[in-house]
Amino acid sequence: MTARVVPPAEPRLRRPGPVRAGSRPVQRHPVDLVRAVLGLAVLGLGVLVAQRSELSAFERDVFQLVNDLPAILFPVVWVVMQLGNVVAVPVLAGVAALTRRVRLARDLLVSGLLAYVAADLVKQVVARPRPAGFAVAVNFPEGPVTGLGFVSGHSAVAAAMAAAAVPYLTRRGRRGVWVLAWTVGLARIYVGAHLPLDVVGGLGLGWAIGSLAHWVFGVPRREVPAARVARLLDRLGLPVRELRPAAVRARSSHPFEAVDGEGRRLYVKFLEPDRYERDWLYRLWRLLAVRDVKDADAVAPLGQQAEHEAVAAMTARERGVCAPRVLLARGSERGAVVVQEFLPGRGLDDLPPEALTPELLGRVWDQVALLRAARVAHHDLVAASVLVDGVGRPWVVDFGNAETGADDDALAGDVAELMASLALRTDPAVVAGSAVGALGADAVAAALPALVPLALSSATRAEVRANRSRLDLLRRAVRDRLGLPDPDRPEYGPPGVPARLAVAAGAGLVLVGVPLLAGATAFLGSVERGGWRWLGAALVLAVLARAANAAAALLTVERRLSLGRTYGATMVAEGASLVHGGEGWRRSAARFLERAGVSPEGARRAVDRYVAGAIVAAVLVAAGTLVLALVEGRLTGWRAPEALVPAVALGVGAWALVLAGQGLARRADTAPHLRRQVTRVLRDGLASARRTPRRRGAQLGWSAAGVALEGAALAAAVHAVGGSVPLLATAAVYGGLHLLWSVLPVTAAPGAAEVSLVLALTALGAPLASACAAAVVFRLLVFWVPAVLGWLLSARFEHRFGA
């Protein structure tokens, strides 16, 4: 029997947003920004390596391997290579336009031309010669090539157009265009025009530009012909006589309405083979942002995904949840379907605000309670995922992301998602009250940390951006209902202008005075040629060190926190320490944990655990590197520090100004202090009976990694400015200084920290100019820049990173 394909009917379930006739909805995904950043990172690393005036053995070998290929390949290689020619950009865009793919033509034209211009700019900045400018034998099948080498313009153009075309192609087509892009790069090496690094940098640049074009313009959603779905249903043993697209919102599937041979109305979900949740970069971004990928089954085969959704829906239905009956769940990698009985009703997102009464919300939360009892986490429980039938009974639908046997965090995420989605449509106080009434205070309290934009689904985040105050009102209503303290209460008293001026004066004195210790000319000339690579390494190591410290902080509480938000919290705490000292750092860290749903006392204990771990980690790193340095004989060249008296005078002066400012700030502060004695911190922080040895060991390991990475960053900064201090000696001395700063935080204040580094490095044999430059660069990377960013970030920290 052949299905009759009919045009879309009027909305039966949920009304979509207004869409122009004949248009295809445009989607923007944050993963495109991730791709752009990664592409620029590849380009940036290439720039650092290209600063060298010599060719590495590895790059030379790769170049000769490709460049020495037989000459008989040249005609074919030349044809493929033209795909990276700037002339190919309007040609391919014109072909796309002639085939009525206007958006593809636009993306090809914009991405290709931008890549060509950007590649030319990079060439002028880096000024790296082509292969003929190095001591390497070069074959020129089409004659000598002159000019600048980094980056390859052909590679950049080819990669940009490949990235631009990907959303419009099938999976096989996407693989094909990237093979062609890489082939263009290899072709440029074959003809002797570029070195391998030039090609990799060009591919990274093109990838970034093409991805950025998708973010700016968006990409159309793929359309699935109804006839294709009808053929699949017929093959799977469920022939239908009518099939038409359903007028509902769906992000990761294509919905259809159908009528089978018995006259039953069906709801058919055709699973999207290329849903963005399957993208590994998207999943990595979600994992780093909120430690949650939202759809753990998205990378499974499509048929398995369909069966998984059916199992979750049937499990919920068997446990008393009102869920539509599943009739079919089957498919292959080319397409899969989930067929359910048609449910006439309206979504909660389609009801007017006055219809969302406390009684209806109570029935909705009763369904959520049944889901929780069955340990089924929906993972996309927005208002649109709950339908209300003609008699006012709520039904839970769309189990595509659901998880059976879910843990407490996943169940709490469902509660947060639905509360946030409902609060955008009705009074947040009513939402909070109905949730507490049906689920209990503990369940709602566990959901409080997830009431942040990054922890919510993309659909809810988009609505939150249009009405930011609603989420704030919901958090306040939940805390009022549960009797929790307001984390927005003032952390400190107003420090006053004199305190700020004193701290600013101390900061300016040390940042200007340390370079002047060695003379401005000597300081600026200390970055030798090639040192920028070491500066880049120091930057990377400093970023990784802060990430390791953030990972250690995650292990101080039982509650799940995101690495990205915790990373930001460490910078905010650094900013608070500028004016408020160590006490400000502790309060800022504790307040972040409170915003994440931790009780005030639990937050204080977590900060104690973090400090204790940092102290023990500093002892381990200092002792380990000291022993290694002594065994290797790296600590035998001690000498009296240069410029001892002026350096000490400078450090004491700046230190006194900063401490005076912090003292003035404390005088205006009326809040209770969180300061603890070191011995009590160690005892309480490490001897917690509730924490497993494995968790304590993991925290200690990450803290030690953070200290070691900071020591490596200091060593890289020393090498960048021409210092000749052994790595182990630098790491051992830094381990000792870090231990001192951890035990006595006042010694880590601006002024004291910078000068202690200068004295230690000069005592190890570094020239005064190099020691001053290394100390300033290192402190900029690990303290000053993060502190300033944290100070700028603190005003919006709760919305973006808090709870």
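Just so we're clear, the structure is a prediction, and the values are computed from it rather than from any experiment.

Reading the values: rules and limits
Residues numbered from 1 in each chain as written. Predicted model: local features only at pLDDT ≥ 70, side-chain atom pairs only at ≥ 80, totals over all residues. Heavy atoms only, no water. Helix = DSSP H or I, 4+ residues; strand = E, 2+ residues; numbered from the N terminus. Buried < 20%, exposed > 50% of the residue type's maximum accessible area, 1.4 Å probe, protein only. Contact = heavy atoms within 4.5 Å. Pairing = 2+ DSSP bridges. Axes fitted to C-alpha atoms, helices over the stretch in contact; angles between N-to-C directions. Parallel < 35°, antiparallel > 145°, perpendicular 65-115°, else oblique. Left-handed = near helix turned anticlockwise from the far one by under 90°. Nonpolar A, V, L, I, M, F, W, Y, C, P; charged D, E, K, R; others polar. Core = buried A, V, L, I, M, F, W, Y, C linked by side-chain atoms within 4.5 Å. Patch = residues over 30% accessible without salt bridge, like charges linked within 9 Å, V, L, I, M, F, W, Y side chains within 5 Å. Areas by Shrake-Rupley, 256 points an atom, 1.4 Å probe, with all protein chains shown as cover. Salt bridge = Lys/Arg side-chain N within 4 Å of Asp/Glu carboxyl O. Phe/Tyr/Trp six-rings, centres within 6.5 Å; stacked < 30°, edge-to-face > 60°. Lys NZ or Arg CZ within 6 Å of the ring centre and 35° of its normal. pLDDT = per-residue confidence, 0-100.

Within the protein chain one finds 29 helices and 13 strands. In the protein chain, which comprises 803 residues, the proportion classed as buried is 54%. Restricting the contact set of the protein chain to residue pairs at least 6 apart, pairs at least 24 apart contribute 78%.

The next thing to look at is the sheet that holds strand S11 (residues 386-388). Pairing in this open sheet of three strands is antiparallel, and the strands run S9-S11-S12 from one edge to the other. The two strands at the open ends of the sheet, each matched to only one other strand, are strand S9 (346-347) and strand S12 (394-396). The pairing of S11 with S12 spans three bridges and is classified as antiparallel. Directly across from Leu387, in S12, lies its bridge partner Trp395.

This part covers unusual backbone geometry. Residues Phe150 and Val151 are joined by a peptide bond in cis, for which omega reads 5°. As for its position among the elements, Val151 is in the loop between helix H5 (102-126) and helix H6 (153-165). We note that Arg375 has phi near 60°; this positive angle belongs to a residue other than glycine. On the basis of relative accessibility, which here comes to 33%, the residue Arg375 falls in the partly exposed class. Of note, Asp398 is a non-glycine position whose phi angle comes to about 60°, a positive value.

Geometry of a packed helix pair, given as the angle between the helix axes and the separation of the axes. The N-to-C vectors of H5 and helix H8 (residues 196-217) enclose an angle of 140°; their axes lie 9 Å apart at closest approach. Compared by their axis directions, H5 and H8 come out oblique. Crossing geometry of H5 relative to H8 is assigned as right-handed. Contacts from Arg106, Asp107, Val110, Ser111, Leu114, Ala115, Ala118, Ala119 and Val122 of H5 reach H8 at Leu205, Ile209, Gly210, Ala213, His214 and Phe217. Looking at the contact of H5 with H8 residue by residue, the class counts come to ten nonpolar, three polar and two charged.

Moving on to the nonpolar core. Burial of nonpolar side chains together is a common tendency in soluble globular proteins. Counting residues in each nonpolar core, the largest one holds 60 residues, and the members touching the most others are Leu348, Trp365, Phe399, Met419, Leu451, Leu474 and Val478. A total of eight residues in this core trace back to one element, the largest contributor, which is helix H13 (residues 408-423). Listed in part, the 47 residues of the second largest apolar core include Val721, Val725, Val755 and Leu759.

Running from amino to carboxyl end, H6 crosses H8 at an angle of 35°, the nearest separation of the two axes being 7 Å. Viewed along their axes, H6 and H8 form a crossing whose handedness is right-handed. Residues Ser155, Ala156, Ala159, Ala160, Ala163 and Ala164 of H6 touch H8, and the partners they reach there are Val199, Gly202, Leu203, Leu205, Gly206, Trp207, Gly210, Ser211 and His214. Taken together, the residues of the contact of H6 with H8 break down into nine nonpolar, six polar and no charged.

So, about a nonpolar patch on the surface. Together, Leu511, Val512, Leu516, Leu780, Val785, Val788, Leu789, Trp791 and Leu792 make up a nonpolar patch on the protein surface, roughly 820 Å² of accessible area in all. Counting only elements with at least two residues in the nonpolar patch, the list comes to helix H18 (497-517) and helix H28 (768-793). With six residues, the top contributor of residues to the nonpolar patch is H28. Mapped onto the elements of the fold, Val788 is located in helix H28.

The next thing to look at is the packing of aromatic side chains. Evaluation of the coordinates by the stated rule reveals four aromatic pairs. Taken together, Tyr734, Trp741 and Phe778 form an aromatic cluster joined through their ring pairs. The cationic tip of Arg265 hangs over the ring face of Phe342; the distance from NZ or CZ to the ring centre is 3.8 Å.

Our focus in this paragraph is the environment of Asp68. Assignment of secondary structure puts Asp68 in the loop between helix H2 (57-67) and helix H3 (74-81). Exposure remark for Asp68: the relative accessible area of 48% places this residue in the partly exposed category. Sequence separation of Asp68 and Val138 is 70 residues, and the distance between their C-alpha atoms is 8.3 Å.

On average, residues of the protein chain score 82 in pLDDT, and 85% of them reach the 70 mark or higher. Across residues 5-23, where pLDDT falls below 50, the model places 44 contacts with residues more than four positions away in sequence or in other chains. This stretch, residues 295-299, has a pLDDT under 50; its non-local contacts, to residues over four places away or in other chains, come to 15 contacts.

Position of Val368 relative to the elements: it lies in helix H12 (residues 358-373). What Val368 contacts, discounting residues up to four positions off in sequence, is Leu381, Val415, Leu418 and Leu439.

Another point: the pattern of salt bridges. Summed over all chains, the structure comprises 22 salt bridges. Here Glu262 ties to Arg264 by a salt bridge, and the two come within 3.7 Å at their closest N and O atoms. Exposure remark for Glu262: the relative accessible area of 65% places this residue in the exposed category. It is possible to trace a salt-bridge network through shared partners that takes in Glu59, Arg128 and Asp198.

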